[in-house]
Amino acid sequence: MNLSLKVEGELLEPDFDLTDELEQIAERIVIPDIVAGMGSSTDISDLPYAPLASSTIKRKLKLGLNTSTLIATGQLISSLRHQVLGKNKVEVFLGGIRSSFHGEDVISNDALGDILQNQGVRTKSGKRYFEFFGKSKRSEDRAIKFLEEKIKEEIENARKETIR
Amino acid sequence: MPEKKPSDKEIRDVYDGLVDRETRTLSLLLATKATKTSLTLKEFIQSRLLAGSTLENIEQQLLDDLLNNGRMFSEFRSAVKSTAIGSVNKVRDAGYVSSFGIDTKYRWSAVLVNTCPDCLERHGQVKTWDEWEEIGLPRTGATVCRDRCHCVLVPSDFASIEPIKREKK
């Protein structure tokens, strides 16, 4: 009796191995969502950044850079990566190094992201922060939808197996 | 003969190798609890079928849990939950993070009246905010009491009890 109860308990509330699903969510949902936000100049709360100062836009145009708020050469946006750290543990991060324009000090994309998001960028009117890196409500909803579809897919696969 | 200048890729590879996760400041973790007995979705379905359940019931159970804040997928929902800055959630219930910061350690404090067994186990434990977020913050479905949880995370120094001071009359 005790054994059957114990087994039933484990089946009702299992620990799931969702490593593959988490990796796919990182690759197909979280990273593209951050990229989309950077491309459309909206933060992870879906709020638009304050427009760039006209002097900044002029300088960017003069240097032949992209005039989007967080895109200049495209190095930051293309540095987003993910890696599987272990079972049920996936990390999304900014990888690689870059040199500032005109060959100034080398800086990692992670350090640049930290300046933009956490330390703030000095402007004439004070510090500006750009919350571009994170999981938005949109990516949360899509991740749950993804797992919902995955469950249905596995059920369908099991159904096909039982028919054979 | 002049030395061959390293290529951009070679320089990049060296720096990438030096970038350690601990020095990384921007990092999103999608993480849930992992044990030796963790089952994939496929394995769970197979085990339920062997136990006599039907595919319809299994699908219903899984989807109901996922979409209605059940316990099975509570850690998954925490793992993909929307964040603010970096990996720290803006948790309005606690309200201390903005005042005391993410480097402060927080103690899980239960009411200790009709407290569920999960919260009783957590009561008194001290961890960083990130660690609590990974385990499951109060009212996120990670504990049996789910949304009815009255526990709070308070800065660990905050919860120390002041000794009673008696003054001579």
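Residues numbered from 1 in each chain as written. Chains lettered and ligands numbered in written order. Predicted model: local features only at pLDDT ≥ 70, side-chain atom pairs only at ≥ 80, totals over all residues. Heavy atoms only, no water.

**Student:** It is not clear to me how helix α2 (residues 41-50) of chain B should be interpreted in this structure. Could you clarify?
**Tutor:** Residues and elements named next belong to chain B. Within α2, the full set of buried residues consists of Leu41, Phe44, Ile45, Ser47 and Arg48. Around the axis of α2, the buried residues are gathered within 165 degrees of arc, so they sit on the same side. α2 presents Lys42 and Leu50 as exposed residues on the side facing more than 90 degrees away from its buried surface. At the C-terminal side of α2, Gly52 shows a positive phi close to 105 degrees. (Buried < 20%, exposed > 50% of the residue type's maximum accessible area, 1.4 Å probe, protein only. Helix = DSSP H or I, 4+ residues; strand = E, 2+ residues; numbered from the N terminus. Arc of directions from axis to C-beta.)

**Student:** I keep staring at the interface of chain B and chain A and nothing clicks. Help me out?
**Tutor:** When the parts come together, some accessible area is lost, and that loss is often what is quoted as the size of the interface. Taken together, the contact pairs 55 residues of chain B with 53 residues of chain A. For the pair chain B and chain A, the summed buried surface comes to about 5,100 Å²; carbon and sulfur atoms form 65% of the total. Per-residue buried area on chain B facing chain A is highest for Leu26(B), Leu28(B) and Leu30(B); these three make up 16% of the total on that side. Here chain B is connected to chain A by one salt bridge. Across the pair Arg159(A) and Glu56(B) runs a salt bridge whose closest N-O atoms are separated by 3.5 Å. Where chain B meets chain A, there are nine residue pairs in polar contact (both at pLDDT 80 or more). (Contact = heavy atoms within 4.5 Å. Buried area = accessible area lost by both parts, 1.4 Å probe. Salt bridge = Lys/Arg side-chain N within 4 Å of Asp/Glu carboxyl O. Polar contact = N/O pair within 3.5 Å; in protein donor to acceptor, adjacent residues only side chain to side chain.)

**Student:** What is the right way to look at the sheet that holds strand β1 (residues 80-86) of chain A in this model?
**Tutor:** By definition, the strands of a sheet pair up through backbone hydrogen bonds, in either a parallel or an antiparallel sense. Here three strands make up an open sheet; going across it, the order is β1(A)-β2(A)-β1(B) and the pairing antiparallel. The outermost strands of the open sheet, each flanked by one partner alone, are β1 of chain A together with β1 (27-31) of chain B. Within this sheet the neighbouring strands show an average axis-to-axis angle of 20 degrees, counted without direction. Pairing of β1(A) with strand β2 (residues 89-94) of chain A, which is carried by six bridges, proceeds in the antiparallel orientation. (Pairing = 2+ DSSP bridges. Axes fitted to C-alpha atoms, helices over the stretch in contact; angles between N-to-C directions.)

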